[in-house]
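# Analysis of the macromolecular model
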Amino acid sequence: MPSRRRVLTAAGTAASVGLAGCAGFGEDRFSPGSDADTDWPMPRGDPRNTAFAPDAAAPRDGASERWTHDEGFDVRTPVVADGTAYVPTAEALVALDTADGSERWRFAPSDQPWPAPPAVHDGTVFVTASDEDEIHALDAETGDELWSLDGDRHVHVSPHLLAGELVNEPSVLVGDATGRVAALDPATGDAAWTVDLFGAVRAFAYRAPMLYVGTSSGEVSVFLTEERERPRERWRRQVDGAIEGIAPTANGVAVSSFGGPLVNLNGDAAGAPSWTAEERRAGSTPVHAGSWFYSVGYDAASATRSYDGEVGWRADAPFGSAPPVAAGDTLYTAGEEAVHAFDLDGGGPLSSGKRFSHPVSGGGIQGLAVADGALFVARQSGEENGTTLYCLEPN
């Protein structure tokens, strides 16, 4: 059998073959980012879950390690705001300086709180601790607790910000295992409203003025929101498998589910599916950039046009389960022991499309983020104190 390295090298050739007869990128040409001071304040970057930072500077033609961090055995997707990376580990939420990786503070309400990836807004970090079913609001500079809410309903999903366009008073969304969704005042934790759904809450997304919620029962519910008022349900739709990710666009909402392919639900037709991608090339929570969704499946990564499901390009190779992210004109995907970078445009018919790979040995990649001129790679470690977070900057 070919080595893992050769299989991944072959992915570039497969990407160029996959371009033949596929949809073109004439409507979307991506440019390199140049801003080295961008943030990534939520697990998928923003309330829409685009996982795309168009202006962010990040590695394009190769990467070197700005710093690495060793933290226990399991690190999940970090978020980054104002020069600090907030890193969820089994033992604590750890705040690291993005310049050199030095620790600023750590928050551990119990021995193993298992915090979910947090959200950061206006100087406050919001984090859920699944071990104690709590949500905590922390001062982003010091880690001091500002308020907390005890839960008795198993709060595991990451907090989500209902903020941005058409929102004058932001809220923090939390969900629990019974299907209850609550919109909390960021300053006090008081609930502005609650709604009850079927199945444990697994995912949120907000694209003004619509709120999207996915549950473990495979339901996607869509609500029309108003300022701090209980939202009105517009429609709900069942898909196969527990919801893992939601990415709304003007052409509907792309939904990823456990064990299923990427499906686009038509927002103008009560959520009727408008296209379904091949599971082998598109199953993960996607990146949304321009008119395209970028996703990975069990043996390929691909670009799928949002409004008709046409394939822009495909790279054949085994990829990890962590969803991809993107910055400028570059897509980042997780392999088992490396992170791979691809041209968002696919590279054209005479190019492989693949830009570089950087080795990340010893465990599976858990999550990716792009901020402060760097790519952050979180991973499991097979060793008690192995490297679990890489901060990669351009060569």
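Computed from a predicted model, the values in this text were never measured in an experiment.

Here we take up the confidence of the model for the chain. For the chain, per-residue confidence averages 88 on the pLDDT scale, and 89% of positions sit at 70 or higher. In the predicted structure, residues 1–21 sits below a pLDDT of 50 and forms 32 contacts with residues beyond four places in sequence or in another chain.

The next subject is the environment of Thr-285. When you line up the elements, Thr-285 lands in the loop between strand E22 (273–276) and strand E23 (287–289). Among the residues examined, Thr-285 registers a relative accessible area of 10% and is labelled buried. For the pair formed by Thr-285 and Ser-321, sequence separation is 36 residues and the distance between their alpha carbons is 9.6 Å. Setting aside residues up to four positions removed in sequence, Thr-285 forms contacts with Arg-44, Glu-244, Gly-245, Ser-256, Pro-323 and Pro-324.

Looking now at the sheet that holds strand E28 (residues 330–334). Overall, mixed pairing links the five strands, which are arranged E1-E27-E28-E29-E30 in an open sheet. A single partner strand is all that each edge strand has here, and the edge strands are strand E1 (52–53) and strand E30 (354–359). By the bridge criterion, two bridges tie E1 to strand E27 (residues 325–327) in an arrangement that is parallel. Note that in E27 the partner of Ala-53 across the bridge is Ala-327.

Let us look at the packing of aromatic side chains. For the structure on display, the rule yields eight aromatic pairs. Ring centres of Phe-126 and Trp-147 lie 6.2 Å apart, and the angle between their planes is 45 degrees; this geometry places the pair in the tilted category. Within this pair, whereas Phe-126 is found in strand E8 (residues 124–129), its partner Trp-147 is found in strand E10 (residues 145–150), the two being separated by 21 residues in sequence. Comparing Phe-126 with Trp-147, the two get one shared label, buried. Arranged with centres 6.2 Å apart and planes meeting at 45 degrees, the rings of Tyr-294 and Trp-313 form a pair that is tilted. Of this pair, Tyr-294 sits in strand E24 (residues 292–296) while Trp-313 sits in strand E26 (residues 311–316), placing them 19 residues apart in sequence. On the basis of relative accessibility, which here comes to 0%, the residue Tyr-294 falls in the buried class.

Attention now moves to the sheet that holds strand E32 (residues 374–379). A sheet is described by the order of its strands in space; here four strands give the open sequence E2-E33-E32-E31, paired in antiparallel fashion. Where the open sheet ends on each side, the last strands, each with one partner, are strand E2 (63–70) and strand E31 (365–371). Direction aside, the axes of adjacent strands within the sheet are offset by 20 degrees on average. Bridge count for E2 against strand E33 (residues 387–394) is seven bridges, and the pairing is antiparallel. By the bridge assignment, His-69 is partnered in E33 with Leu-389.

How each quantity is defined
- Residues numbered from 1 in each chain as written.
- Predicted model: local features only at pLDDT ≥ 70, side-chain atom pairs only at ≥ 80, totals over all residues.
- Heavy atoms only, no water.
- pLDDT = per-residue confidence, 0-100.
- Contact = heavy atoms within 4.5 Å.
- Helix = DSSP H or I, 4+ residues; strand = E, 2+ residues; numbered from the N terminus.
- Buried < 20%, exposed > 50% of the residue type's maximum accessible area, 1.4 Å probe, protein only.
- Pairing = 2+ DSSP bridges.
- Phe/Tyr/Trp six-rings, centres within 6.5 Å; stacked < 30°, edge-to-face > 60°.
- Axes fitted to C-alpha atoms, helices over the stretch in contact; angles between N-to-C directions.

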